[in-house]
Amino acid sequence: MTTSTTVLHVDPGQLMPSVLTPPISKSDAQRALVLAHLTGAWPLSDLQDEPEEFLPADVRVLRRGIEALRLPPGPVRDVDCADGGAPFRILVTQAAVTPGARVRLTGTPRLGERPHGPLFDSLREALGPAGLSLTQGAPWPVELTAPTSTGEPVFQVPGAQSSQYASSLLLGCAALFLRERRPWRVEILGALTSAGYLELTVSWLRRFGFTVHQTEGRYEVAAYQAPERAPAMPGDWSSLGYLLLIAWHTGGSVERADLASAHPDQALVRIVEQVGLQSQVGLGNTLRLTGPARGGLVASGTECPDLLPTLAALACVLPAPSTLHDVSILRLKESDRLEGIRTLVDAFGGRTVLEGEALTVHPPATRPARFAMDSRGDHRLAMVSATLSVLSGVPLALTGPECVEKSFPGFWRQLERTGVRLS
């Protein structure tokens, strides 16, 4: 892949207020796509109406994968998951519960390095005795032939590494319930990290008409009644995080900010209250942040791991140190985001201190004249670097800006609406 460098020129005198627009929510759209496929609501009108170039790459990957699964049984279906961890894990389970499906999945080297073993083990244990064949190359391809019958209706999976395993399996339970008309459940072994994303999965199951029973560490899909219409798609709260901070600095606002969303990254609105920022809700789900920033903030990767890089960028322009807890989960993302945050803070002239699971960000005493950052192919590192550039007014030379296509294809256009110049 060709990697380019973009320079962001931020002239405070040229910045202007604007209404900024996030893409549809990647996390919500992935869950809705699967459920639309299972319940007969395919294709979703919200996604059909969204221009292809505005759809996050992960959503496009998952849609192509589901389209392959919707084909009649026959030849092996090839699905390229690129670097999409959630699409890959969701598609593995959906393939495993599609009777007779034969699928060959591939992806980037980095996706192959990320941990998937607990998901594979859970599928083998629950479906293997009935004939599931699932093999992994080094690391690609992953080849899967689904069984035509199943056994005990339960998946067991550890919760420590990622909630995506449990979400993927719970969506698999929905498919199996519709097929077999008997309850299927997921039992989570140990503590669950990023529990908010599993709650997001549960909320979408219920919005599509499924009954989900929850007890401690146990989620059961027990019934289904079709809703009157498919639920609407909200804006992406992960992307809203960047835009809300940029709009706060430029005096603008954002739209598609559904405060009723179950997305974990909505926690940004509450977290920034720690440093004196207040949210103001307008018509049509528009939102703005107001007020001067003071002090430092505290946040946890257990609650909102994808939000921590965004909060680290904000921490660099706050008047006091901030602390991010439960940060080791960041090492298992599209890049090692923990090291990415530390690199960004260092490039900006700040300092980080890592003690166990706590990372303290010390903003610089004097901001640099300019700074440089390599995205490492990670969409979030690219966008938080740009966010820091806008918040500080310090020009940025960013290597690998094209990776934002993964979740926010229109990000650079939104920045230009505020007066930022790109070259």
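See the structure printed just above.
The present account deals with the structure reproduced in this document.

**Here we look at the sheet that holds strand 14 (residues 298-300)**
- The four strands lie next to each other as 14-15-17-16, forming an open sheet whose pairing is mixed. Here the strands that pair on one side only, and so sit at the sheet edges, are strand 14 and strand 16 (351-355). Between one strand and the next, the sheet's axes are offset by a mean angle of 15°, whatever the strand orientation.
- As defined by bridge partners, strand 16 adjoins strand 17 (residues 358-362) across five bridges and the pair is classed as antiparallel. Within strand 17, the residue paired with Val-353 across the bridge is Thr-360.
- Helix 11 (residues 308-315) rests against strand 14, strand 15 (322-325) and strand 17 of the sheet, and its axis sits at about 170° to strand 15.

**Thoughts on the side chain of Ser-122**
- Mapped onto the elements of the fold, Ser-122 is located in helix 6 (residues 117-127).
- Residue class for Ser-122 comes out buried when judged on its relative accessible area of 3%.
- Of the polar contacts made by the side chain of Ser-122, one reaches the backbone oxygen of Gln-156; its length is 2.9 Å.
- Look past the residues within four positions of Ser-122 in its chain and what remains in contact with it is Phe-155, Gln-156, Val-157 and Leu-169.

**Observations regarding the environment of Leu-245**
- Here Leu-245 is to be found in helix 9 (residues 237-250).
- Not counting residues up to four positions away in its chain, the partners in contact with Leu-245 are Leu-289, Thr-310, Leu-314, Thr-387 and Leu-391.

**Some points on the packing of aromatic side chains**
- If you walk through the whole model with that rule in mind, you get nine aromatic pairs.
- Ring plane angle 35° and centroid distance 5.3 Å describe the contact between Phe-155 and Trp-184, whose orientation is recorded as tilted. Highlighted residues: Phe-155 in strand 7 (residues 154-158) and Trp-184 in strand 8 (residues 184-189), separated in sequence by 29 residues. In this pair, the class of Phe-155 matches that of Trp-184, namely buried.
- When the ring of Phe-408 is compared with that of Phe-411, the centres are 5.5 Å apart and the planes differ by 70°; the resulting orientation is edge-to-face. Across this residue pair, the class does not change: Phe-408 and Phe-411 are buried.

**Side note on the pattern of salt bridges**
- Using the criterion set out here, one finds 22 salt bridges in the structure.
- Ionic pairing is found between Glu-405 and Arg-60, a salt bridge with its closest N-O pair at 3.7 Å. With a gap of 345 residues between them, Glu-405 in the loop between strand 19 (396-399) and helix 14 (411-417) and Arg-60 in helix 3 (residues 57-69) connect regions that are remote in the sequence.
- Judged by its relative accessible area of 36%, Glu-405 is partly exposed.
- The exposure class of Arg-60 is buried, given its relative accessible area of 19%.
- We note a salt bridge from Asp-306 to Arg-337, for which the minimum N-O separation is 3.2 Å. With a gap of 31 residues between them, Asp-306 in the loop between strand 14 and helix 11 and Arg-337 in helix 12 (residues 337-347) connect regions that are remote in the sequence.
- Connected via shared salt-bridge partners are Lys-26, Asp-58, Asp-83, Asp-306, Lys-333, Glu-334, Arg-337, Asp-378, Arg-380 and Lys-406.

**Things to note about unusual backbone geometry**
- Cis geometry is adopted by the peptide bond preceding Pro-139, which originates at Ala-138 and carries an omega value of 0°.
- By the secondary structure assignment, Pro-139 is in the loop between strand 5 (133-136) and strand 6 (142-145).
- For the bond from Trp-140 to Pro-141, the omega torsion is 0°, close enough to zero to count as cis.
- Turning to its location among the elements, Pro-141 is positioned in the loop between strand 5 and strand 6.
- For Asp-326, which is not a glycine, the phi torsion comes out positive at approximately 55°.
- Position of Asp-326 relative to the elements: it lies in the loop between strand 15 and helix 12.
- With a phi angle near 60°, Arg-376 is a residue other than glycine that sits in the positive phi range.
- Tracing the chain through its elements places Arg-376 in the loop between strand 18 (371-374) and helix 13 (379-392).
- Take Arg-376: its relative accessible area is 38%, and that puts it in the partly exposed class.

Thresholds applied
Residues numbered from 1 in each chain as written. Predicted model: local features only at pLDDT ≥ 70, side-chain atom pairs only at ≥ 80, totals over all residues. Heavy atoms only, no water. Pairing = 2+ DSSP bridges. Helix = DSSP H or I, 4+ residues; strand = E, 2+ residues; numbered from the N terminus. Axes fitted to C-alpha atoms, helices over the stretch in contact; angles between N-to-C directions. Contact = heavy atoms within 4.5 Å. Buried < 20%, exposed > 50% of the residue type's maximum accessible area, 1.4 Å probe, protein only. Polar contact = N/O pair within 3.5 Å; in protein donor to acceptor, adjacent residues only side chain to side chain. Phe/Tyr/Trp six-rings, centres within 6.5 Å; stacked < 30°, edge-to-face > 60°. Salt bridge = Lys/Arg side-chain N within 4 Å of Asp/Glu carboxyl O.

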